[in-house]
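Here are the chains, one letter per residue:
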Amino acid sequence: MRKVNRIVIHCTGAKQSQTVESIKVFWKSSLGWNNPGYHRIISSDGTVTELAAPEQIANGVAGYNANSYHISWIGGQNGIDNRTIEQKCVLRQEVLRAKEMFPTAIIVGHRDLSPDLNGDGVISPNEWTKECPSFEVKEWLKQQNI
């Protein structure tokens, strides 16, 4: 098993009607990726699809993939947190599952890995390279007691 020190939460940044298959086609045809962008993805009905085994590297965040495990939910278009109740429940389960596999890993949102352009130690909204996952992960973790 590879060393994972980060569990990264994502959203697809598109409509919740987006299909897993269309996402995979986009990665392959538009981006030329051989590996998927996430390890697991959560559809609007709460269905989880494994796209890569935990020991494989996924293309979630450039520069961080070798030591990261990526979980995404479908939705988040225009930076709006429109997770369904099912997605919220299943995301919590998936994060807890990932923490069991990688107990020392920290949990962050994709946007939390943006560069700190002004060097103040805080990744501010104007520094985000993406709005993903469309909610504040640190606050969500507190609410979920994770």
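Our subject is the structure listed above.
Counting restarts for each chain: residues are numbered from 1 in the order of the written sequence. Only residues with pLDDT of at least 70 are given local features in this predicted model, and only at 80 or more are side-chain atom pairs given and counted; all residues enter the totals for whole chains, interfaces and linings. Just so you know, side-chain values use all the structure's heavy atoms and leave hydrogens and water out.

### Here we look at the overall build of the protein
- The secondary structure listing takes helices from DSSP runs of H or I that are at least 4 residues long and strands from runs of E that are at least 2 residues long, numbered from the N terminus. From N to C terminus, the protein includes three helices and five strands.
- Taken from N to C terminus, the helices and strands of the protein fall in the order β-α-β-β-β-α-β-α.
- Projecting the C-alpha coordinates of the protein onto the three principal axes gives extents of approximately 40 × 35 × 35 Å.
- Looking at the protein as a whole, 45% of its 146 residues are labelled buried.
- Contacts in the protein between residues at least 24 apart in sequence constitute 69% of all its contacts with a sequence separation of at least 6.
- A residue counts as positive if it is Lys or Arg and as negative if it is Asp or Glu; His and the chain ends are not included. The atoms used to mark charge sites are NZ of Lys, CZ of Arg, CG of Asp and CD of Glu. When the 16 basic and 15 acidic side-chain charges of the protein are each reduced to a single mean position, those positions are 3 Å apart. The classification of residues rests on relative accessible area computed with a 1.4 Å probe and restricted to protein chains. Under 20% of the type maximum is buried, over 50% is exposed, and intermediate values are partly exposed. For this analysis, residues touch if any pair of their heavy atoms sits within 4.5 Å.

### Regarding the packing of aromatic side chains
- Pairing of aromatic rings covers Phe, Tyr and Trp, the last counted by its six-membered ring, and requires centre-to-centre distances within 6.5 Å; plane angles under 30 degrees mean stacked, over 60 mean edge-to-face, and any other angle means tilted. By the definition in use, this model includes four aromatic pairs.
- When the ring of W27 is compared with that of W33, the centres are 6.1 Å apart and the planes differ by 25°; the resulting orientation is stacked.
- Residue W27 is classed as buried on the basis of its relative accessible area of 6%.
- Ring centres of W27 and Y38 lie 5.2 Å apart, and the angle between their planes is 70°; this geometry places the pair in the edge-to-face category. Taken as a pair, W27 in helix 1 (residues 20-30) and Y38 in the loop between helix 1 and strand 2 (40-42) lie far apart in primary sequence, eleven residues in all.
- The class of Y38 is buried, set by a relative accessible area of 10%.
- Aromatic rings pair up to connect W27, W33 and Y38 into one cluster.

### Quick word on the nonpolar core
- Remark: nonpolar core denotes a set of buried residues (Ala, Val, Leu, Ile, Met, Phe, Trp, Tyr, Cys) joined through side-chain atoms within 4.5 Å. Core analysis: the biggest nonpolar cluster contains 20 residues, and I9, I71, L91, V95, I107, F135 and W140 have the highest contact counts within it.
- Counting residues per element, the ones that place at least two in this core are strand 1 (6-11), strand 4 (68-73), helix 2 (85-101) and helix 3 (137-143).
- Setting aside residues no more than four positions away along its own chain, L91 makes contact with I9, I42, I71, R83, F135 and W140.
- Counting seven residues, the second largest nonpolar core, distinct from the first, contains V20, Y38, L51 and I74.

### Remarks on the pattern of salt bridges
- Salt bridge, as used here: a side-chain nitrogen of Lys or Arg that lies within 4 Å of a carboxyl oxygen of Asp or Glu. Within this structure, the stated rule accounts for seven salt bridges.
- Close ionic contact of E21 with K24 constitutes a salt bridge, the shortest N to O distance being 3.7 Å. Taken together, the positions of E21 and K24, both in helix 1 and three residues apart, correspond to about one turn of that helix.
- Connected through salt bridges with shared partners, the residues R40, E50, E94 and R97 form a single ionic network.

### Details of unusual backbone geometry
- In this structure, P133 follows C132 across a cis peptide bond, with omega equal to 20°.
- Relative to the assigned elements, P133 resides in the loop between strand 5 (106-109) and helix 3.
- The backbone phi angle of S134 is positive, close to 75°, even though this residue is not glycine.
- The residue S134 is located in the loop between strand 5 and helix 3 in this model.

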